[in-house]
2 protein chains.
Amino acid sequence: MSDTVNNPVKDAAKDALSEPSSDSGISRRRLLGTVGAAGATGLVLGAAGGAAAYAAAGETPAELTTVGSTGVPFYGEHQAGITTPLQARGHLIAFDLAPGAGRKEAAALMRRWSALAGELMAGEVPGGGDDTGVALDAGPSSLTVTFGFGRTFFDRTALVAQRPPELDPLPAFSSDQLDAGRSNGDLWVQIGADDALVAFHALRAIQKAAGDAARVRWQMNGFNRSPGATGKPMTARNLMGQIDGTRNPKPSEADFDQRIFVPSRPSGTAYDWLAGGSYAVVRRIRMLLDDWERLPQKKQERVIGRRKSDGAPLTGGSETTELALDRAGPDGKLVIPGNAHARISAPEQNGGAAMLRRPFSFHDGIAPDGTPDAGLLFVCWQADPLRGFVPVQRKLDRGDALSAFIRHEASGLFAVPGGARKGEYVGQRLLES
Amino acid sequence: MSDTVNNPVKDAAKDALSEPSSDSGISRRRLLGTVGAAGATGLVLGAAGGAAAYAAAGETPAELTTVGSTGVPFYGEHQAGITTPLQARGHLIAFDLAPGAGRKEAAALMRRWSALAGELMAGEVPGGGDDTGVALDAGPSSLTVTFGFGRTFFDRTALVAQRPPELDPLPAFSSDQLDAGRSNGDLWVQIGADDALVAFHALRAIQKAAGDAARVRWQMNGFNRSPGATGKPMTARNLMGQIDGTRNPKPSEADFDQRIFVPSRPSGTAYDWLAGGSYAVVRRIRMLLDDWERLPQKKQERVIGRRKSDGAPLTGGSETTELALDRAGPDGKLVIPGNAHARISAPEQNGGAAMLRRPFSFHDGIAPDGTPDAGLLFVCWQADPLRGFVPVQRKLDRGDALSAFIRHEASGLFAVPGGARKGEYVGQRLLES
């Protein structure tokens with residue numbers, strides 16, 4: 001295989017709507033599929049690349065767009081799937097280590113999973129000869145696979161001394177209605193891709209590679225906009241119709257890394273294995289859409305504090321204009337109400353607490369009570385949950401007008417190690433400490 | 001609004017991967033969103049189109065790709081969503097008429113739904129002032145909304161004399177394990193779009209517009225590949241990893257219309273209201289993926305009769321090569337086994353019985369027994385189910401090697417009227433007969 005074929009990864013931060021800039025978007029997976037096919041009828045192909053292979057088979061050369069051809073690097077300082085642009089499809093899955101499995105089995109599992117994630121994200125057919133084939137034909141489609149450790153992982157692996165205090169259980173919030181069976185877990189994997197079959201393929205491969213070491217605890221499916229469905233400048237919308245994510249920290253901001261990633265500590269410190277990592281808070285937030293949709297739009301906007309059309313604050317401007325929190329209207333009342341979601345969650349109202357919100361919407365059909373089982377798979381990232389999610393959620397829990405229209409149904413908190421270098425696996429610095 | 005803005009619909013059969021050919025892809029929805037935003041800050045915009053509106057607001061002009069900008073016409077000889085290329089996201093929803101609702105309420109409902117579907121498919125914000133906003137910013141994204149009537153609809157509307165015998169209940173198949181609560185229904189709506197939020201928006205709008213006339217009976221979600229994830233020549237794959245749909249009738253074939261659409265009968269005939277329509281058979285087919293994936297690929301290929309890599313028959317060639325059904329291997333046995341799925345379902349083995357299979361995959365997480373609740377929302381279209389789905393399924397039911405790996409869990413049969421002309425509604429010729 002040529003280098004081109006072995007290295008199809010492109011910078012995912014590049015515009016996902018532009019045309020592919022090179023042949024590198026044609027993945028080894030697609031080429032192998034074609035070679036396999038041709039081989040069976042006696043055709044022998046050179047390493048001329050996927051498009052040529054298709055031409056040799058008498059078919060129109062395939063035309064991936066960047067939707068399919070974009071690859072995200074697995075190896076690096078941070079794991080992928082944190083600053084990667086939102087993908088159209090996502091799976092969250094949590095595992096518990098199997099009875100009898102400990103640190104050794106966990107290390108072997110993380111080694112297997114890391115190698116597999118590296119192959120999948122490069123658009124390669126995973127080794128072992130038992131691939132399901134569900135992702136054949138497709139490019140890597142911005143696939144990311146991200147691994148995290150829950151609090152209980154450290155008990156099971158006898159690594160309690162290495163467990164950072166940031167993994168202490170989240171405080172209870174008065175509005176929580178959490179289902180323990182769909183919360184937490186020893187291990188957590190986030191999968192995202194711009195193609196549903198590529199994402200499903202990765203999910204099944206990760207499950208299979210768990211082998212006897214870990215058992216599925218819970219699993220959830222989500223989605224976001226398809227690339228190209230809207231123009232570039234659009235922030236995501238959620239299923240309430242609101243633009244969602246406007247105030248997210250931007251990688252271009254000077255303090256971004258400090259807010260999102262765990263800093264390095266003096267070598268030998270118990271928690272230094274997490275340098276370059278992050279904490280993920282995961283919440284299944286059910287939206288009470290029947291109630292919400294009965295609310296007239298003007299009232300919805302007062303609940304949020306922003307206009308539905310473009311996400312601009314009710315005090316005017318565009319989506320990115322700062323909230324004029326003190327401005328009163330002609331009636332003397334605050335234009336952005338005191339309990340508006342945007343006010344209460346604003347970083348400047350929370351001592352600068354910041355988290356990178358990177359959610360998927362979910363829709364699991366109709367619940368037994370006839371309402372839509374839909375909402376937000378809220379995933380947020382921060383260097384310290386006590387300075388990110390917790391203070392903001394505490395405040396929202398007390399006074400957010402949106403609370404009447406949502407319900408937190410499941411919760412997880414995971415320590416997400418930094419990225420692996422080639423030849424390493426995610427979590428190696430912990431598991432081999 | 002200019003004509004361009006009011007008529008953004010393009011031919012959906014055109015290549016979904018090419019660049020937009022005109023400004024018409026910028027939907028009224030997006031323009032309205034922008035106008036609304038600007039209006040609130042006192043900006044007055046001309047009818048210069050969406051891109052200009054964005055520029056006026058100081059933002060980068062939006063760049064929809066054809067993923068978002070493609071619109072499918074609602075009005076026409078046939079309903080959309082039958083020959084429309086597979087979309088990335090789908091919802092199936094069935095309703096029963098509410099107690100007390102009859103023909104009059106059904107007619108009013110179909111009038112409301114048709115007008116709504118016309119607006120949604122054109123990328124317009126539905127009238128009435130209570131839009132959820134979930135599809136704001138997005139183009140129509142190949143949205144289709146397709147309506148069908150179940151057998152019981154004719155009882156409820158006292159139109160039994162107009163009920164065609166083709167709507168008689170499907171025969172029971174020995175391998176059926178059908179859930180009545182997720183089967184059939186008075187009314188059926190199929191929604192498809194290349195963007196998940198556009199599809200969800202349409203689903204909620206259709207539900208809301210049902211008002212007091214009809215109640216949701218069941219609802220299912222599905223998906224297919226994202227446009228651009230693979231090259232153009234690719235037939236869809238299913239969650240077993242098999243290429244699926246190779247033998248579908250092609251609209252370019254001379255007898256396509258005759259096979260798929262109900263012919264016109266002498267005017268005044270009881271069933272002539274269905275001219276230009278079709279019958280949809282809907283089956284929720286669970287795939288027993290844990291069992292399937294344990295089967296080595298070579299054995300999987302013998303179950304199907306085709307290669308996994310490219311869908312070519314085991315007797316060689318490419319995906320579109322005819323099956324050499326009589327060919328034996330060196331061992332004297334048939335190369336395509338006697339119970340291979342491709343053999344048993346081949347049109348030439350079924351008196352030419354043909355149906356247009358247009359499925360979505362589904363994945364509803366993990367079932368209570370720990371297996372994936374995943375498979376195929378099988379939807380097939382034919383002029384007569386007794387010459388399409390039924391004979392093929394009867395044969396598969398008896399001897400298909402694939403049967404051990406699938407389970408039919410729900411079933412529906414619906415008469416899908418022809419398309420509406422402007423000013424008409426779907427089913428008008430029945431309901432006003």
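Residues numbered from 1 in each chain as written. Chains lettered and ligands numbered in written order. Predicted model: local features only at pLDDT ≥ 70, side-chain atom pairs only at ≥ 80, totals over all residues. Heavy atoms only, no water.

Brief notes about the overall build of chain A
Broken down by element type, chain A carries 13 helices and 9 strands. For chain A, the residues scored as buried account for 60% of the 433 residues in total. Once local pairs closer than 6 in sequence are excluded, the contacts in chain A between residues at least 24 apart make up 78%. Accessible area for chain A stands at about 16200 Å²; split by element, carbon and sulfur atoms hold 51% of it. (Helix = DSSP H or I, 4+ residues; strand = E, 2+ residues; numbered from the N terminus. Buried < 20%, exposed > 50% of the residue type's maximum accessible area, 1.4 Å probe, protein only. Contact = heavy atoms within 4.5 Å. Areas by Shrake-Rupley, 256 points an atom, 1.4 Å probe, with all protein chains shown as cover.)

Section: the environment of Arg204(B)
Along the chain, the position of Arg204(B) falls in helix H7 (residues 196-210). What makes Arg204(B) buried here is its relative accessible area of 5%. A C-alpha to C-alpha distance of 8.4 Å links Arg204(B) and Thr132(B), two positions 72 residues apart in sequence. The residues contacting Arg204(B), other than those within four sequence positions of it, are Leu289(A), Asp290(A), Glu293(A) and Pro372(A).

Description of the UniProt feature "domain: Dyp-type peroxidase N-terminal" (unreviewed entry) in chain A
Within the UniProt annotation, "domain: Dyp-type peroxidase N-terminal" (unreviewed entry) is assigned to residues 79-224 of chain A. Between the C-alpha atoms that bound residues 79-224 of chain A the distance is 21 Å, and the span itself is 27% helix and 23% strand. (UniProt positions renumbered as here; feature names shortened; annotations may be inferred.)

Some thoughts on the interface of chain B and chain A
Many authors give the size of an interface as the accessible area that is lost as the parts come together. Taken residue by residue, the interface counts 74 residues in chain B and 73 residues in chain A. Between chain B and chain A we count 8 salt bridges in total. Inspection of the chain B/chain A interface yields 32 residue pairs in polar contact (both at pLDDT 80 or more). Contributions of two or more residues to the side of chain B that touches chain A are made by helix H2 (28-40), helix H4 (66-69), strand E1 (89-97), H7, strand E4 (214-223), helix H9 (289-294), strand E7 (360-366) and strand E8 (372-382) of chain B. (Salt bridge = Lys/Arg side-chain N within 4 Å of Asp/Glu carboxyl O. Polar contact = N/O pair within 3.5 Å; in protein donor to acceptor, adjacent residues only side chain to side chain.)

Points about the environment of Ala202(B)
Residue and element names in this part refer to chain B. With respect to the secondary-structure elements, alanine 202 resides in helix H7. Of the residues examined, alanine 202 reaches a relative accessible area of 0% and is grouped as buried. Each C-alpha atom of the pair alanine 202 and alanine 117 lies 8.0 Å from the other, and the pair is 85 residues apart in sequence.

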